[in-house]
Each structure stands twice: as C-alpha cells, then as structure tokens.
Amino acid sequence: QAAGAAALLVGAAKKAGIELKTAELRQALISSARLIDTNRYQVYEQGNGIVNVPAAWNLIKAGVKTTEITSSVAVNTLLSGLLATPGFGQGIYDREGVTLGQSYTRTYTFTRTKGPSRNITYNLSWVANDGTFSSPSSVVLPLNTPVQLVVNVNPSSVGIHSAILNLDDASTVGIDYQTLNTVVVADQFSAANNYTVVKTGTVGRNQTLSYFFRVPAGTPALKVDFSGPSGAAGTGQARFLRWHPYGVGIDSNGSTACYIPATDTCNGSSRTTSNPIAGVWEVTVDGRRTSDAANIPFTLSVSILGATIAPNPDVIGSAQANVGVNRSYTLTNQFGAFTGRAVGSNLGSAKIDRPTIANGATQEFQVTVDAGSTALTARIGNPSDANSDLDLFVLNSSGVVVGQSADGDSEEAVTIANPSGTYTIRIDGYAVPSGSTAYDYLDVFQNTKFGTVAVTDADAVRAAGASWTVPGVVTAKVAPAAGRILLGNVLVRSGTITIGSSEVHVLSVTP
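Residues numbered from 1 in each chain as written. Predicted model: local features only at pLDDT ≥ 70, side-chain atom pairs only at ≥ 80, totals over all residues. Heavy atoms only, no water.

Asks: Would you explain the pattern of salt bridges in this entry?
Replies: One pass over the full model with this rule turns up 14 salt bridges. Across the pair Arg341 and Asp459 runs a salt bridge, and its minimum N-O distance is 3.5 Å. Taken together, the residues Arg341 in strand β23 (residues 338-343) and Asp459 in the loop between β35 (451-455) and β36 (460-462) connect sequence positions 118 residues apart. The class of Arg341 is partly exposed, set by a relative accessible area of 23%. Judged by its relative accessible area of 47%, Asp459 is partly exposed. Counted as one network, the salt bridges with shared partners bring together Arg242, Asp251 and Arg271. (Salt bridge = Lys/Arg side-chain N within 4 Å of Asp/Glu carboxyl O. Helix = DSSP H or I, 4+ residues; strand = E, 2+ residues; numbered from the N terminus. Buried < 20%, exposed > 50% of the residue type's maximum accessible area, 1.4 Å probe, protein only.)

Asks: I would appreciate a short explanation of helix α1 (residues 2-16) in the present structure.
Replies: It helps to recall that an α-helix has 3.6 residues per turn; residues three or four apart then point in one direction. In this model α1 runs 21 Å from its N-terminal to its C-terminal C-alpha over 15 residues, within 8% of the 21 Å that 1.5 Å per residue would give. Elements that come into contact with the buried residues of α1 comprise α2 (22-32) and α4 (53-61). (Expected span 1.5 Å × (residues − 1). Contact = heavy atoms within 4.5 Å.)

Asks: Could you clarify how one ought to interpret the environment of Glu24 in this entry?
Replies: Positionally, Glu24 belongs in helix α2. For Glu24, a relative accessible area of 7% puts it in the buried group. Linking Glu24 and Pro220, residues 196 residues apart in sequence, is a C-alpha distance of 53 Å. Once residues within four sequence positions are removed from consideration, Glu24 is found in contact with Glu19, Val64, Lys65 and Thr66.

Asks: What exactly am I supposed to notice about the nonpolar core here?
Replies: If you look at the biggest cluster of nonpolar residues, it comprises 46 residues, and the most contacted ones within it are Ile425, Ile427, Tyr439, Val474 and Val506. Not counting residues up to four positions away in its chain, the partners in contact with Ile425 are Gln363, Glu364, Phe365, Val367, Ala378, Leu392, Phe393, Val394 and Tyr441. Residues Leu124, Val153, Leu165 and Val183 belong to the second largest nonpolar core, which totals 24 residues. (Core = buried A, V, L, I, M, F, W, Y, C linked by side-chain atoms within 4.5 Å.)

Asks: What is the right way to look at the pairing of strand β29 (residues 389-395) in this model?
Replies: Burial runs high along β29: seven of the seven residues are buried. Judged by which residues are buried, β29 turns out to be covered on both faces: Asp389, Asp391, Phe393 and Leu395 on one side and Leu390, Leu392 and Val394 on the other are all buried. The pairing of β29 with strand β32 (residues 421-431) spans six bridges and is antiparallel. The residue of β32 that forms the bridge with Leu392 is Ile427. In this sheet, strand β30 (residues 401-405) lies alongside β29 in antiparallel orientation, the contact comprising four bridges. Within the sheet, the bridge partner assigned to Leu395 lies in β30 and is Val401. (Pairing = 2+ DSSP bridges.)

Next up, the structure:
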C-alpha cells in the first residue's frame, strides 16, 4: 500500500513537471498521514498513521522542502549498550528505570546540518501525548551547532506512554523533523501487594492487551496464572504469552498455541520461569480469532517467588565416611505465598576459587569427571569490577566447545548432562574496564558415590514472610580428589520449580 501510494505521487509529480526527491516524497507522506484513534492504538503501534495520498499531493504541489536534522538522547533498555552510540538513540525509549509518580528529564541534542547559515526557529509539538512528555514550545537551531532541549517525563499510569515530537519551521511546507518517544511504566512487586500483581479485564476477539512487570535482580522464579475461559460455551478462548526484557517471546505464539481451553500441550492456566533475568517483562493477553465470545473476561495474576535458606553455606569441617551428620535448616519465604517444600541433593566434587583475570585475558581450569556422574556445572560471578563482562566456555577433551554462557555481564553458568572424561573450563576476560577483576569460580560434578544431603519436609502453603525449620542429614561416602571439596544443596521447590537454594560444604572426609 505504501509503495502504491508513493508510485501514484511520483507519477503525478512527473506529469505535473515537479522534480520530486526521495526525501521530499517521504516528508510529504509522513507530514500528511492521518492518525487512527489513539485511544485504541498509540503512536508506538501506528507511527504517523494511515497514508493520505491527496493530502500528500497537496504538500508536494505546495513545494515541500527538506532539511537535515539529527537528534541524540539517552535511552534505557537492557539492550542500550548495543546501539550504534551505546546508551543513546534518536528518540526517547525507556523500557527500564521508569517509576510511577517519579518524574525525570531527558536531554535531547539536536543538530541542523543543512540549510541557511542563519538561525532557524522550529515550533515543537507533541502528537498523541497523554501528558507524559513536556518541553519548551520551540527550539532555535543554528547551522552545524548542537543545541540541547530538556524534556520532562512524568507518566500518570502504568503501561506504555508514547508520543511523536515534531519540529516544524512555520515558513516551510511539511514537518521538518520528528522523533518517536516511548516509556514503559512497569508494575512493581512489593510486600504491600504480597509480591503479586493481579489484572482483570476483558480482551476482544483477535485483540491483544499488554502488561509490564519489573522483576528484581536475584528473583528465583516468575509465575503467571491465568483464568477466565473455561471451555464452557460463551466463555471464549484466550491465552497469555510472556516476553523477555529483550522483547523476545519465550512461549510459542503459534495460532493455536497456549489457549484456554487447551488446544496443545502448553499449560494455558499457569507457567513459571526459573531464574528470570532482571528487568521489565511483558505479559500479553490475546483473544483468539475464532473465540465463541466477542469479549472474553479474564484474570491475570503475576507473582515472584523465592525463599532463603540458613545457614548458607552450611560448612562441615570434617565428616566420617558413611556416617550421617545431623543438621538443621531454616527456610524463609521472601515473596508471595506458594505451596512448596525443602529437598536435598546428591553431593558432588567441587572446586571453589576466587581468581583474578585481566582485561582481554583467558584463564583455563581442568576437571576430570568420574564415571557415572549425572551433571557437570561450571559457574562464575560476583566480579569485584561490577562493570566487567566475563564469558564462560566448557570444552571437551577434543577441544570442542560443548557449552557456553556469554551475555553482557559476568554472571554465567553452564551445565553438561551425563558428562564423562576431562573438560576444560575457559574464562574469557572480554571487557574489564578497571583492567582486572576478581570473581567467584565454581565447577562441580554430581555423583551418587560421594554421598547425599537428605532433608525431611512435605508440601505446605508457605505464606509471605513465613519461616519453617527442617531437619537434615549429610552423609559423605568418599573423599573427592585433592584440592576439591564435597558440595551439595538444600533446595526449596514449588512443584518442579526451584525457588531457593543453599550450599552444603564438606571440607574433608575421614575413613
């Protein structure tokens, strides 16, 4: 449609003898487009709206002219560092860091690089602004001289707020420059809401609603529950989908996936994510196109779950082989209520260290895994230089990388199932701004021959803030290789999801 509209305008210009440049065609189209009802679709969803060919033609006939203006302003997302200029974009886009009731400012830098050498005044206007953005009514741009403009940001409700900022020279035809500005105000989890945010509403057939939730760092689990459609006639069909703070979906969004009533193996009523990345998550509610109800009532409940275990670590200096050591563990629910229990694990052979690595350097550690081991885990984190970026690779005895974790920070972990033989754990000091950093290092392989951490507990409802104490028995069977200790875990589980863990260290084993 856009190509067809442009072709009509180009043809009309040629017939009228008007020399139409590409930039002028673009400016005529965006300056004359008609917005769809912004109560239904914000500008971040529709841009300037629907192409209006007759209105664009009128601008072309009137002699639309273009200038060249650039803009730069700080943005805040988990991916900001990957922009051409890290942390800066052409328009405001803050998915992270926006809090309801707390206004803040963003400072634009505008530079005009074309046109007369005199100063030009541009009128500033905000399109489809709900009051979130405010600024002076004009800006004066000299030629090739950066000019700053302070914009106040003060959203009045949770959700997305967007507006287009227009720069318009009243003496010329069309809008000279514009930027899209979008901020996301996420719901917060707190003790006041029992670490659960509930949304109720109605979603239309073939429509989508979006909700945003800020997940704190270190959250063990993010749980989403959904109800409304039941399979009964007239209750409709709907689903929820979860979107990572990078904007990537973690559920199938196929045309039949995850709906209630169930049409596939996806659990449409409840799904939990373990160790969710900190940041703003989006949860969408979709009404199915073939729903038997035009408007589908629903309840969406989003919770964070987590528990602490004390002591952590539980250090046993010496244990006699095959003789149980009685222990006691106190568990505390950090967040919302859940049904769960404490469980133990096998012991494993572990190396724990805190080495130092330089910027650009590589370190390697070798580990020989005993036959019959169920898993090998390598983990790094807690750098002394919080801005460092360390990457983790696991190589087999042939030098082939069989696992890696290399994102934008230093909290990395890799687990290899059913390992055997010798592995090399490689740490890459990808970026260490201070020149060097200390970090925590762990590799551990689990094997039933080393012994067990046994805990006695049963599923029960654990209210927010509740604590309970369970008995445990640590039984070490054989000592690990020199330079290593035995390591096990006490875990808090809700169903099959781990929402808390602690370590048990056995420093030596005597016959």
